[in-house]
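Per-entry structural report
Here's the letter readout for the chains.
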Amino acid sequence: EANFRAYMKSDASDFLENEEQWYRWTYQGTISSEEIEKRLVARYAARPDLILTYDKTSDSYVNQEIGVAGTITNIEVVKRLPGGVADELLIETDKDTYLVIGEYNIRYVLSDGVSEVVRNDGSAVTVSNLLPSAYFIIEPETVYSDGEGQLFLNGGGYGHGVGMSQNGAKQAALQGMNCEEILALFYKELELVQAD
């Protein structure tokens, strides 16, 4: 997590996509125990296998219906995919601890649906039910008190964060790279062969 944070805070002036609108973004959203509870319940209804609750008796995360979430005490990314996308999010409250699995669920649970995302070029857009991506860090200014608080994120990209970046491929093409070079840039172990 420390390495990913350092990367997200690094100078991006020589990166392929550094001029793209969604290359980096910031988000300051409201976060409340009631809203988190609603979002956990909604995602549990859709994918109960990906919204788990910590069970003290078995010392493991189990599939069980979401009760009253309680007051939020901590939110942190506990697992990332190799490319940096958040894949598991821990939400601790004074009543229970939840493990949110999958980038879509994480983007849904943390978005308040009304706050703005400020993009790389300074423009701001309101996000609806999803954060732009799960490629983000949670800033230490994030505060929780009396069940409500502010969530500060620094993120990058727009979408699920898997595979070839469309914006990156576009910038590579504008820099003169051909199709084979672009594919090799994103898929280093890939070998192109002629199909019979």
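Below, the structure is looked at part by part.

Calculation criteria
- Residues numbered from 1 in each chain as written.
- Predicted model: local features only at pLDDT ≥ 70, side-chain atom pairs only at ≥ 80, totals over all residues.
- Heavy atoms only, no water.
- Phe/Tyr/Trp six-rings, centres within 6.5 Å; stacked < 30°, edge-to-face > 60°.
- Helix = DSSP H or I, 4+ residues; strand = E, 2+ residues; numbered from the N terminus.
- Buried < 20%, exposed > 50% of the residue type's maximum accessible area, 1.4 Å probe, protein only.
- Pairing = 2+ DSSP bridges.
- Axes fitted to C-alpha atoms, helices over the stretch in contact; angles between N-to-C directions.
- Contact = heavy atoms within 4.5 Å.
- Expected span 1.5 Å × (residues − 1).
- Arc of directions from axis to C-beta.
- Polar contact = N/O pair within 3.5 Å; in protein donor to acceptor, adjacent residues only side chain to side chain.

**Let's talk about the packing of aromatic side chains**
Taken as a whole and judged by the stated rule, the model has 4 aromatic pairs. When the centroid spacing of 4.8 Å and the interplanar angle of 40° are considered together, the rings of Trp22 and Tyr158 count as tilted. Remark: Tyr158 occurs in the loop between strand E11 (148-155) and helix H4 (166-174) and Trp22 occurs in the loop between helix H1 (2-9) and strand E1 (25-32); sequence separation between them is 136 residues. Judged by its relative accessible area of 14%, Trp22 is buried. A relative accessible area of 60% places Tyr158 in the exposed class. Members of the aromatic cluster, each reached through a chain of ring pairs, are Phe4, Tyr7 and Tyr135.

**Some words on the sheet that holds strand E4 (residues 72-80)**
Read from one edge to the other, the open sheet built from 5 strands follows the order E3-E2-E6-E5-E4, with strand pairing classed as antiparallel. Each having just a single partner strand, strand E3 (60-62) and E4 make up the two edges of the open sheet. When strand polarity is set aside, the average angle formed by the axes of neighbouring strands in this sheet is 30°. The pairing of strand E2 (residues 51-55) with strand E6 (residues 97-101) spans 3 bridges and is antiparallel. Within E6, the position partnered with Leu52 by the bridge is Leu99. Sheet contacts for helix H2 (residues 33-46): E2, E4, strand E5 (86-93) and E6; angle to E2, the most-contacted strand, approximately 115°.

**A few points about the pairing of E2**
Bridge count for E2 against E3 is 3 bridges, and the pairing is antiparallel. Within the sheet, the bridge partner assigned to Asp55 lies in E3 and is Ser60. Where E2 folds back onto E3 in an antiparallel hairpin, the turn is made up of 4 residues, including Asp59, whose phi is positive at roughly 55°.

**Describing the environment of Leu110**
Note that Leu110 resides in helix H3 (residues 103-110). Classification of Leu110 as buried rests on a relative accessible area of 2%. It is 48 Å that separates the C-alpha atoms of Leu110 and Asp196, two residues lying 86 residues apart in sequence.

**Things to note about the pairing of E11**
E11 sits mainly inside the fold: 6 of its 8 residues count as buried. Relative to E11, E1 runs antiparallel, the two sharing 8 bridges. Opposite Gly29, over in E11, you have Leu151 as the bridge partner. The pairing of strand E9 (residues 136-138) with E11 spans 3 bridges and is classified as antiparallel. Within E11, the residue paired with Ile137 across the bridge is Asn154.

**Some points on H2**
Between the first and last C-alpha of H2 there are 20 Å, a value that for 14 residues agrees with the 20 Å anticipated at 1.5 Å per step. Considered for burial, the residues of H2 that qualify are Ser33, Ile36, Arg39, Leu40, Arg43 and Tyr44. One side of H2 holds all its buried residues, which, seen down the axis, span an arc of 135°. Away from the buried face of H2 by more than 90 degrees, exposed residues Glu34, Lys38 and Ala45 are located. On its buried side, H2 packs onto E1, E2, E4, E5, E6 and H3.

**Observations concerning the side chain of Arg39**
Relative to the assigned elements, Arg39 resides in helix H2. Engagement of the side chain of Arg39 in a polar contact is seen with the backbone oxygen of Ser111, the distance being 2.9 Å. Once you skip the residues sitting within four places of it in the chain, Arg39 turns out to touch Tyr108, Val109, Ser111, Asp112, Gly113 and Asn129.

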